[in-house]
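Given next are the chains, with one letter for each unit.
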Amino acid sequence: MPLSFSTTALLAALTSTVIAAPTPEAGAGFISNVTPGAHQTGGDEYVVIFNNSQAKVPHVAEVLSRIQLNVEHSDVRWTFNNSVFRGFAANMKSHCIDALNAMEDVAHVEKAVEISSYDTRSGATWGTQRISSSSAVQGSATDLDFTYDFEGTDGTQGQGVDIYIVDTGVRVTHGVFGGRATQGFSADKTDNTDGDGHGTHVAGTAAGAVFGVASGANIIAVKVLNAQGTGPLSDSVAGIDWVVDQHNQRKSQPGFVGSIMSMSWGVGSVSSSVDSVIKAASAAGIHISVAAGNSGADACNSSPSDNGGTNSAVVSVGSIDIDDGISTFSNTGKCTDIYAPGKDVISAWNTADNVINTLSGTSMACPHVTGVMAYMMARDAQLAADPAALKSALLSAGLKGALTGNTEAGDQKILVSNGETRTVKKAKRTVTSNIATWAKELVKTTEIKRGDLKFALKSRKASLRY
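Residues numbered from 1 in each chain as written. Predicted model: local features only at pLDDT ≥ 70, side-chain atom pairs only at ≥ 80, totals over all residues. Heavy atoms only, no water.

Under an unreviewed UniProt entry, the protein has the name Subtilisin-like protein and belongs to Mytilinidion resinicola. The Sequence similarities (unreviewed entry) comment attached to the protein in UniProt states, word for word, "Belongs to the peptidase S8 family." (UniProt positions renumbered as here; feature names shortened; annotations may be inferred.)

Undergrad: Quick question: what am I supposed to make of the overall build of the protein here?
TA: When its secondary structure is counted, the protein shows 10 helices and 22 strands. Each of the 466 residues in the protein was classed as buried or not, and the buried ones make up 60%. Restricting to contacts in the protein with at least 6 residues of sequence separation, those with at least 24 account for 78%. A total accessible area of about 17100 Å² is found for the protein, and carbon and sulfur atoms account for 48% of it. (Helix = DSSP H or I, 4+ residues; strand = E, 2+ residues; numbered from the N terminus. Buried < 20%, exposed > 50% of the residue type's maximum accessible area, 1.4 Å probe, protein only. Contact = heavy atoms within 4.5 Å. Areas by Shrake-Rupley, 256 points an atom, 1.4 Å probe, with all protein chains shown as cover.)

Undergrad: I keep staring at the pairing of strand 16 (residues 345-348) and nothing clicks. Help me out?
TA: Pairing geometry for strand 16 and strand 17 (residues 355-359), over four bridges, is antiparallel. Bridge assignment links Val 345 to a residue of strand 17, and that residue is Leu 359. Here strand 16 folds back onto strand 17, and the loop between the two strands holds six residues. (Pairing = 2+ DSSP bridges.)

Undergrad: Which parts of the structure should I look at to understand unusual backbone geometry?
TA: One can expect most non-glycine residues to show negative phi and most peptide bonds to be in trans. Following Ser 303, the chain continues into Pro 304 via a peptide bond in cis, with omega recorded as 5°. Relative to the elements of secondary structure, Pro 304 occurs in the loop between strand 13 (287-291) and strand 14 (315-320). A positive phi angle, close to 70°, is found at Val 210, a residue other than glycine. Here Val 210 is to be found in the loop between helix 4 (198-207) and strand 9 (218-223). Among the residues examined, Val 210 registers a relative accessible area of 17% and is labelled buried. Non-glycine residue Lys 413 carries a positive phi angle of around 50°. Locating Lys 413 in the fold gives a position in the loop between strand 18 (399-400) and strand 19 (414-415).

Undergrad: Just checking my understanding: could you explain the nonpolar core for this structure?
TA: Nonpolar side chains in soluble globular proteins tend to end up buried together. In this structure, Ile 163, Phe 177, Val 317, Ile 338, Val 369, Leu 394 and Val 416 are the most contacted members of the largest nonpolar core, which totals 52 residues. A per-element tally of this core places helix 7 (residues 362-379) first, with 10 residues. Among all residues touching Ile 163, those that are not within four sequence positions of it are Ala 206, Ala 207, Ala 217, Asn 218, Ile 219, Ile 220, Ile 260, Ser 262, Thr 370 and Ala 374. (Core = buried A, V, L, I, M, F, W, Y, C linked by side-chain atoms within 4.5 Å.)

Undergrad: Can you walk me through the side chain of His 198 in this structure?
TA: Secondary-structure assignment places His 198 in helix 4. Of note is the side chain of His 198, whose polar atom sits 2.8 Å from the side chain of Ser 363. (Polar contact = N/O pair within 3.5 Å; in protein donor to acceptor, adjacent residues only side chain to side chain.)

Undergrad: Sorry, what's going on with the pattern of salt bridges here?
TA: Oppositely charged side chains can form a pair if their charged atoms are brought close together. Taken as a whole, this structure holds 12 salt bridges when the rule is applied. Close ionic contact of Arg 130 with Asp 324 constitutes a salt bridge, the shortest N to O distance being 2.9 Å. Of this pair, Arg 130 sits in helix 3 (residues 127-130) while Asp 324 is found in the loop between strand 14 and strand 15 (338-341), placing the two residues 194 residues apart along the sequence. Residue classification places Arg 130 among the buried residues on the basis of a relative accessible area of 1%. For Asp 324, a relative accessible area of 5% translates into the label buried. (Salt bridge = Lys/Arg side-chain N within 4 Å of Asp/Glu carboxyl O.)

Undergrad: Can you walk me through the confidence of the model for the protein in this structure?
TA: Reading predicted coordinates in detail is not appropriate for stretches of low pLDDT. Per-residue pLDDT for the protein averages 83, and the proportion of residues at 70 or more is 78%. Note that residues 1-34 has pLDDT below 50 and, in this model, 70 contacts with residues that lie over four places away or in other chains. Long-range and interchain partners of residues 118-124, a stretch whose pLDDT sits below 50, account for 71 contacts in this model, where long-range means more than four residues apart. (pLDDT = per-residue confidence, 0-100.)

Undergrad: Whenever I open this one, the packing of aromatic side chains confuses me. Can you help?
TA: Two descriptors summarise a pair of aromatic rings, namely the distance from one centre to the other and the angle between the planes of the rings. Scanning the model with the defined rule gives six aromatic pairs in all. Centre to centre, the rings of Trp 78 and Phe 185 are 5.6 Å apart; their planes meet at 45°, and the pair counts as tilted. Taken together, the residues Trp 78 in strand 2 (residues 76-81) and Phe 185 in strand 8 (residues 181-186) connect sequence positions 107 residues apart. Relative to Trp 242, the ring of Tyr 164 has its centre 6.1 Å away and its plane inclined at 80°; by these criteria the two rings are edge-to-face. Placement of Tyr 164 in strand 7 (residues 161-167) and of Trp 242 in helix 5 (residues 233-250) is noted, with a sequence separation of 78 residues between them. Judged by its relative accessible area of 2%, Tyr 164 is buried. Aromatic rings pair up to connect Trp 78, Tyr 164, Phe 185 and Trp 242 into one cluster. (Phe/Tyr/Trp six-rings, centres within 6.5 Å; stacked < 30°, edge-to-face > 60°.)

Shown next as structure tokens:
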């Protein structure tokens, strides 16, 4: 059942005693005489991003002091102090907003909105075959008799790459992750679990064993959405802030290949603050894949998918079905860079370490591309170090002329490919022998053992979520 975007800002009713700070001196970041009075507790939440083009980017505490706030104030929800962007999120009223908009070293002052995940339910792992074949997949999406081709040994694809799943959280103990998944950031400081299932499913497709693409990559959970698959925009900015810091720490560590942020969610409109921090993270060397969205509309009309196309090194991903048709729910157009399997995708689920589920949506297409990006990065250090170069290589390797369906203007209709065409088979994951047995039984009975691991299928009926 489709869920629509919620564009209502998160309201906070917080009270505290405020001591007024001195009025800022003339020229202290202001381009007018607008200065605030004493901060008034409460108001709507706003995300504030500083202007990186200034010769000297101010510290967060300095800007907060101008509006009689400090980092410890209850109205200040987040502060962002990484190497590529600075800012904060706080509950403020109009007098503070007017003052911030008058500061030349503040680039964006944006009312926070709710973001939502892209989701779906259905079928089986036909997607891994489609991304590793030059020809269309034959059969039913609910079968599991497909072959995944790749270079190297199964379980090493994407090794050394850190994939940050910026989502509802990840059940890191799930059997498909084999100890490669860890908890990272949680906007909910009291609960880092995945209460929705969306993030666990996305992680399983990107890098899980059996169902995933880059089955050797590291998975780091960045929980910014709640158990309903929604959350305030500021939580996502805070999660990205954390990822930038982690990426900078990891760069000097042995065995590190590169970082990818996989983001299967969207805002109901274009958000300048989200776009700004995502582009800053990309400029810092972090690869980024985003879902194009499930509105059947132009991907350029919402964030973060509007960063696709020629707008940045961010990769925006649309959805196809097993017949190579562009999904009717998928956003399209010049901001949709590439397409991947997104309908009837089976992957890990959040309710137990052995439960799997079938979903559909651009949320399911996005992690297929995330996995291919990790696979390519592990094979080519130059691509791993350059998001723009990887995006160019990804689009060059993609299949042209394979897809059908109507799109918005400017869409190139490129289908993702890991470069394996099956003319030369170097290694493969084939659903035959014991795997074929458990897979076919899984479709029939919804429960089966594979070695010591028993999977329970929650549902084969797809429901689309955004």
